[in-house]
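Descriptive structure summary
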Amino acid sequence: MLNLNSNIKYIKGVGEKRAGLFGSLAIFDVDALIHFFPRKYEDWTNTKTVRELQNGDCASIRATMITPVKEHMIRKGMTLYKCRFSDGESIINVTIFNNKYQAQALRVYEDYVLFGKVEKNLTSASMSSPKIEKLDTGVRVHPIYPATGKLTSNAIAKVVKTALESLEEIPETLDKSVRDKYKLISLDRAIRQIHFPDSDEDMQKARYRLIFEELLTLQLGLLKLKGRNKTETNLKITADFTEEFKSLLPFEMTNAQQRAIKDCLSDMAGDYPMSRLLQGDVGSGKTAVAAGLCYSVIKNGYQCALMAPTEILAVQHYEGLSKMLSPAGINVRLLTGSTKAKEKREIKALLMDGEIDLLIGTHAIIQNDVEFKSLGLVITDEQHRFGVKQRTALAEKGEGIHTLVMSATPIPRTLGLILYGDLDISILDELPPGRQEIRTDVVDSRYHQRLYKFIRDAADRGEQAYIVCPAIEENEDSTDLKSAEQYAEELSEGAFRGYNLGLLHGKMKPKEKENVMKAFSSGDVQILVATTVVEVGVDVPNATIMVIENAERFGLSQLHQLRGRIGRGSKKSFCVLVSDSKSENSRNRLAVMKNNSNGFKIADEDLKARGPGDFFGERQHGLPALRIADMLQDMETLHLAQQCAGEILAEDSNLDLPKNKHLCDNISKMFREVSYS
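Residues numbered from 1 in each chain as written. Predicted model: local features only at pLDDT ≥ 70, side-chain atom pairs only at ≥ 80, totals over all residues. Heavy atoms only, no water.

Structural notes on the nonpolar core
Counting 58 residues, the largest nonpolar core has Ile11, Leu33 and Leu216 as its most contacted members. Of all elements in the fold, only α1 (15-23), α2 (30-34), α4 (153-166), α6 (187-195), α7 (200-227), α22 (635-651) and α23 (661-670) reach the threshold of two or more residues within this core. What Leu216 contacts, discounting residues up to four positions off in sequence, is Leu174, Ala641, Cys644, Ala645, Ile648 and Leu663. Among the nonpolar cores identified, the runner-up in size contains 55 residues, and Ile261, Ile360, Phe372 and Leu375 belong to it. (Core = buried A, V, L, I, M, F, W, Y, C linked by side-chain atoms within 4.5 Å. Buried < 20%, exposed > 50% of the residue type's maximum accessible area, 1.4 Å probe, protein only. Helix = DSSP H or I, 4+ residues; strand = E, 2+ residues; numbered from the N terminus. Contact = heavy atoms within 4.5 Å.)

Let's talk about the environment of Lys582
Mapped onto the elements of the fold, Lys582 is located in the loop between β23 (574-578) and α19 (584-595). A polar contact of 3.4 Å, which involves the side chain of Lys582, links it to the backbone oxygen of Asp580. (Polar contact = N/O pair within 3.5 Å; in protein donor to acceptor, adjacent residues only side chain to side chain.)

Regarding the sheet that holds strand β21 (residues 527-530)
Taken in spatial order, the six strands of this open sheet run β18-β23-β22-β19-β21-β20, and their pairing is parallel. Of all the strands in the sheet, just β18 (439-443) and β20 (501-504) have a single pairing partner and so form its edges. Sheet twist, expressed as the mean angle between neighbouring strand axes with direction ignored, is 15°. In this sheet, strand β22 (residues 543-548) lies alongside strand β19 (residues 464-468) in parallel orientation, the contact comprising five bridges. In the sheet register, Ala465 faces β22, and the bridge partner there is Ile545. Contacts from helix α15 (residues 448-460) reach β19, β21, β22 and β23, with the element oriented near 160° to β22. Those strands touched by helix α18 (residues 556-563) are β18, β19, β22 and β23, and its axis lies near 155° from that of β22. (Pairing = 2+ DSSP bridges. Axes fitted to C-alpha atoms, helices over the stretch in contact; angles between N-to-C directions.)

Examining the confidence of the model for the protein
Mean pLDDT for the protein: 86, with 88% of residues reaching 70 or above. Segment residues 473-477: pLDDT under 50, and six contacts once partners within four positions in sequence are set aside and those in other chains are kept. Scored below 50 in pLDDT, residues 613-622 makes 22 contacts in the model with residues more than four places away or belonging to other chains. (pLDDT = per-residue confidence, 0-100.)

Brief notes about the packing of aromatic side chains
The description of an aromatic ring pair rests on the distance of the ring centres and on the angle between the ring planes. A complete count under the given rule lists 10 aromatic pairs for this structure. Ring geometry for Phe36 versus Tyr145: centroids 6.3 Å apart, planes at 10°, classification stacked. Here Tyr145 lies in the loop between β10 (141-144) and α4 and Phe36 lies in the loop between α2 and β1 (40-43), a separation of 109 residues in the sequence. For Tyr145, a relative accessible area of 1% translates into the label buried. With centroids separated by 6.4 Å and ring planes inclined at 85°, the aromatic side chains of Phe496 and Tyr499 adopt a geometry described as edge-to-face. Across the pair, Tyr499 and Phe496 agree in class, each one buried. Ring pairing ties together the aromatic residues Tyr182, Tyr208 and Phe212, which thus form one cluster. (Phe/Tyr/Trp six-rings, centres within 6.5 Å; stacked < 30°, edge-to-face > 60°.)

This is the structure in C-alpha cells:
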C-alpha cells in the first residue's frame, strides 16, 4: 500500500521516466500528487441527442456502437479508425486518430458516452477523436489538470485515480470541533471528491473544505510570522509630543493622520517593537505622519532613520522633513551615494555621537560603517522596492527597534491583511484640505493634435507635462502601442520642436534616470516622455498635465498611481487617458478612473477586474503560492478562516496541542523557507 510520503515512481504505471515528467510539475510524492488539483471539469452527466445540438457544439452523447471498427492507414505513422454509433435517433460517424488501444477496446452493440465536438449537416453527424467511455463503468465528471507537453491531463487523471485507490483513509488535519462549526467534510472525502466528484454539489463541498483549510493555514502562518522573534524591547516611547509637533505645522492634520500617529505611538509604548504598515493614497500626507512620529521619538531621546529607494526620493523627503522639523532644533541630515566622502565621514561621526537626530537616505545608510548612538525608529518608504535583507539590515542597527513601512499603493483592506499579514496596518483614507482635484478625461487618438496644443500652451505658461507609454521600444506584435523611444523622437521633431523634451524608461542606467528626473524637477525638461518608471517618483509641483497613451493596457491602480504624479501644486491639473480600444470592459474601466479619485475604491474595482495577481506580484518575500484558494472569489471563506485562526490561537498560541499537530505541519510545508524560531 502507498502512503502520503511514498515516492511517485512507486505508483503503478509511473516508474522512473514518468516520475521525471511529474517532477517538472513539482510533484515528487503521493501527497503532492493528490494536492495537484484539477483546474476545471468536463461534466458528462447531462447527455444530449444529436437533434438537440447545433453544429459545432461540444457535448456528451449517450450512444450505442452499431458497426465494427474499420482501419484506414493513410500514411506511415498515421492510422484512422472509423465506426458508427446511434443515439436512438441519429447516426454518428466517429473517426479515431492513431489510437489503436481505444479502437480495439470498443465493442459493437455496447452502450457508451461520447464527449467532443459534433459536426452536423442535414443528413448526418460526425465526431473526430471524441473521448469515449463505457456507459456503465465510465467516469461522469472528468477532471482537467494543468498539463505539460508530454504529460496530458488524461495521463495525470489515471495516475491520481490509481494513487487514490491504493491509499487507505487520508489522515484528518482539522479537529472535529472546527469541522463541525464550519460545516467541513472530512479531508479524505474532500480529496477524493475534488479529483473525481460524484456530482457538482459534492465537488463544491470538497472545494470549500480545501479552500478553507488552505486559507486557515495561511492565516495561522502569517499570525505566527507576526509573532516570530518578538522579543520584548526596552526601547519604549512613553511621552507623546504630538500636540507640540502640530503647533509647528502651517496646516491642520487630518483625523486619519492623527489616528495613524496615535496607533504608532501606542505600539511603541508597548512591550514589543512596533512593526506597522502606513498605507496611504497618493497625496494623503504620509510624510507628515512620519515627521510627527520622528518628533516624538527624538524628544524621547532616540534617533530616527528614513530609507527611500532612490536618491531623488530621499532628497525630496529630506527637503520636506527638514522644513517641518529643523525649526524645532532637530538635526536632519541626508546620506546618499552622491554625498561627498568628507561629508560622509562627518555624518558618520555625528551619528555615533548622537548629534544627528534624523538620518534620511538611500541604501547608503545600511552600510556596515554607518552606526547610530541610539536608533529608535526606522521608516522605509515604498517598501516593495527594497529587498527583505535591505530592510532588516536597517532594523539591525540597534536592538528592539521600532519599524514603520510606508506605501502609496492602495490595496483593498481584506487583501492587505493577507499581503501584509506580518504587519499591523494604519490607513490614511482622507486627503489633506486644499489638495487639488485632478480633472480626468478619456479620449481617443483623434484628439492628439488638440492635446499637443494644450501641452504647448501649458509649457508656454511655464508648466510641465508627463506623457506615459506602456512600451519601451517598437513592439512588432503591437504596432498600435506608443513606444516611448520612438514617440519621444517623433514629438521632439514634430509637435514639440523647440521645447525641451526628456525620455525616461526602465532600461536606462540608474544614474541616467536620476539625471533626467533632476532635470524635470528643476524645470529644465518641460515635457517628459516616460514608461511607468514615473509611477513611484518625485513630486514636481509644476507638472500639471499627465497624458497616458494606450491607457487600456494599464491596471486601474497603476493608472491612479501615475495620475498622482500631478496635482502637487496650486495650479489646476489634468489627466488625459488616450485609448482607441473598442472593448466594453476597457471603456468601463477607464470610466471608473474618470469618475473616481479615491485610490481605495479604484483598488477594489481593479481587484474585481484583474484579480489579486497584480497585488501579489509586488510582494515576493515568503508569501506562499495558493493551490486552490482565490483571494477574489473566496473572500467570504477568507473571513471565516481568519475568524477560525483567531479562535485556535486564543486557545493554543503555539499550536502545541496534539489536535493542532497536523495544522503545524501544514504551516511548515506552506512556509517552507520561513523560520519561526
